[in-house]
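Each chain is listed here by its residues.
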Amino acid sequence: ILRGSEARPHLKPYMASLQLDGQHVCGGFLIAEQWVLSAAHCTEETDGKLFQVLLGAHSLTEPEPHKRLYRVRAQFPHPGSNIHNNKDDLLLLQLEEKAELNSDVRVLPFQREDRDVAADTECEVAGWGTIDHSGRRPDKLQQVQRPVISRDVCNHRTRHDGTVTRNMMCTDSRRKDTCKGDSGGPLVCDGVAEGVVTAGSRVCGNYKKPAIYTRIAPYAAWIDSVMASADG
Ligand SMILES: O=C(O)c1[nH]c2ccc(F)cc2c1NC(=O)[C@H]1C[C@@H]1c1ccccc1
């Protein structure tokens, strides 16, 4: 998160850190007791290794009362996701067991109604991604508020030039922005997860390249079917 601020500890109890060998790779969030939603691109350089999921954390390194690392039973990248574009950039992770819910670990509801969030709506995004242009990595969860911009503005020739589909949405990236390592985290508007930070490589903090999120509502049926099929 560029030019954001430290989040109030444990006030975003749905936040997850997807880790490999103890290193944060991407964000994610708890959508059900045994399920985390993130971005498919985050699995690109993991050569088949499964993530571990850190829940209940504010600091990535310090001991905290409800911080716990969960093993992942299975990962389900959306079948339409690919390395060439941001399409269907969603990843479902089934934890090896149900997360223990408490004051620091809680499920975040996601939007099921497929209707665009109005432009200028202020939404919030949080993560342990890079905090400056030298790529510094925070230890504590950061957050930032960003206004939604219309798909038409986001698709302007000088911005993303028509690549933003109906299944995506954008926020203004002038100065304050998401960045590498924030991908997979939720864009929260009025307490509901509306989008997932896309994980395709992108410049951060440049107003010419707004942040792109995968809208969740168009994928509600896919999410429900994967959770139903795998839960048995
Ligand atoms: O965050 C992303 O957009 C993104 N997209 C990817 C695609 C492949 C892939 F193998 C990884 C990623 C990845 N994450 C990262 O590189 C994470 C490792 C870097 C990082 C940044 C800040 C703080 C901690 C760690």
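These notes cover the structure that comes with them. All figures in this text were calculated on a predicted structure; none of them were measured in a lab.

The next thing to look at is the site of the ligand. With respect to spatial proximity, 14 residues lie near the ligand, and among them Val25, Glu45, Gly181, Ser183 and Ala199 are the closest. Between an oxygen atom of the ligand and a main-chain N or O atom of Gly181, the distance comes to 2.5 Å. The side chain of Ser183 places a nitrogen or oxygen atom 2.4 Å from an oxygen atom of the ligand. Computed on the free molecule, the ligand has an accessible area of 530 Å², of which 88% lies beneath the protein chains in the complex.

Attention now goes to empty space enclosed by the protein. In total, this model carries 1 cavity of 30 Å³ or more according to the counting rule given. Size it by volume and the largest cavity reaches roughly 30 Å³. Lining the largest cavity are Arg8, Pro9, His10, Leu11, Lys12, Pro13, Ala57, Asp104 and Leu141. Here the residues of the lining of the largest cavity sort into 5 nonpolar, 1 polar and 3 charged.

This next bit is on the nonpolar core. Among the nonpolar cores identified, the biggest contains 46 residues, and Leu18, Phe29, Ile31, Leu37, Val53, Leu55 and Ile223 are the most heavily contacted of them. Contributions of two or more residues to this core are made by strand E2 (15-20), strand E3 (23-32), strand E4 (35-38), strand E5 (52-55), strand E6 (68-77), strand E7 (91-95), strand E12 (192-197) and helix H2 (220-231). Among all residues touching Leu55, those that are not within four sequence positions of it are Met15, Ala16, Leu30, His66, Lys67, Arg68, Tyr70, Leu95, Ala99 and Val105. Counting residues in hydrophobic clusters, the runner-up holds 12 residues, among them Ile1, Leu187, Val197 and Ala211.

This part takes up the sheet that holds E3. Taken in spatial order, the 6 strands of this closed barrel run E2-E3-E4-E7-E6-E5, and their pairing is antiparallel. Sheet twist, expressed as the mean angle between neighbouring strand axes with direction ignored, is 40 degrees. When E2 meets E3, the two strands line up antiparallel, connected through 6 bridges. By the bridge assignment, Met15 is partnered in E3 with Phe29.

Size it by volume and the largest pocket reaches roughly 680 Å³. Lining the largest pocket are 26 residues, and of these His24, Val25, Cys26, Arg137 and Gly181 sit closest to its centre. Of all the secondary-structure elements, those providing two or more residues to the lining of the largest pocket are E2 and E3. Examining the composition of the lining of the largest pocket, we find that 4 residues originate from one element, E3, more than from any other. Looking at the lining of the largest pocket residue by residue, the classes come out as 8 nonpolar, 13 polar and 5 charged.

Among the surface-exposed residues, Arg3, Arg174, Arg175 and Lys176 lie close enough to one another that they form a single positively charged patch. With respect to the helices and strands, the residue Arg174 is situated in the loop between strand E10 (168-171) and strand E11 (186-189).

The rules behind the values
- Residues numbered from 1 in each chain as written.
- Predicted model: local features only at pLDDT ≥ 70, side-chain atom pairs only at ≥ 80, totals over all residues.
- Heavy atoms only, no water.
- Near = heavy atom within 4 Å.
- Polar contact = N/O pair within 3.5 Å; in protein donor to acceptor, adjacent residues only side chain to side chain.
- Areas by Shrake-Rupley, 256 points an atom, 1.4 Å probe, with all protein chains shown as cover.
- 1 Å grid on protein atoms, 1.4 Å probe; cavity = no way out; pocket = protein on both sides within 12 Å on 5 of 7 lines; lining within 4 Å.
- Points joined across faces, edges and corners; volume = space filled by probe spheres on them.
- Nonpolar A, V, L, I, M, F, W, Y, C, P; charged D, E, K, R; others polar.
- Core = buried A, V, L, I, M, F, W, Y, C linked by side-chain atoms within 4.5 Å.
- Buried < 20%, exposed > 50% of the residue type's maximum accessible area, 1.4 Å probe, protein only.
- Helix = DSSP H or I, 4+ residues; strand = E, 2+ residues; numbered from the N terminus.
- Contact = heavy atoms within 4.5 Å.
- Pairing = 2+ DSSP bridges.
- Axes fitted to C-alpha atoms, helices over the stretch in contact; angles between N-to-C directions.
- Patch = residues over 30% accessible without salt bridge, like charges linked within 9 Å, V, L, I, M, F, W, Y side chains within 5 Å.
- Salt bridge = Lys/Arg side-chain N within 4 Å of Asp/Glu carboxyl O.
- Lys, Arg positive; Asp, Glu negative; His and termini not counted.
- Charge placed at Lys NZ, Arg CZ, Asp CG, Glu CD.

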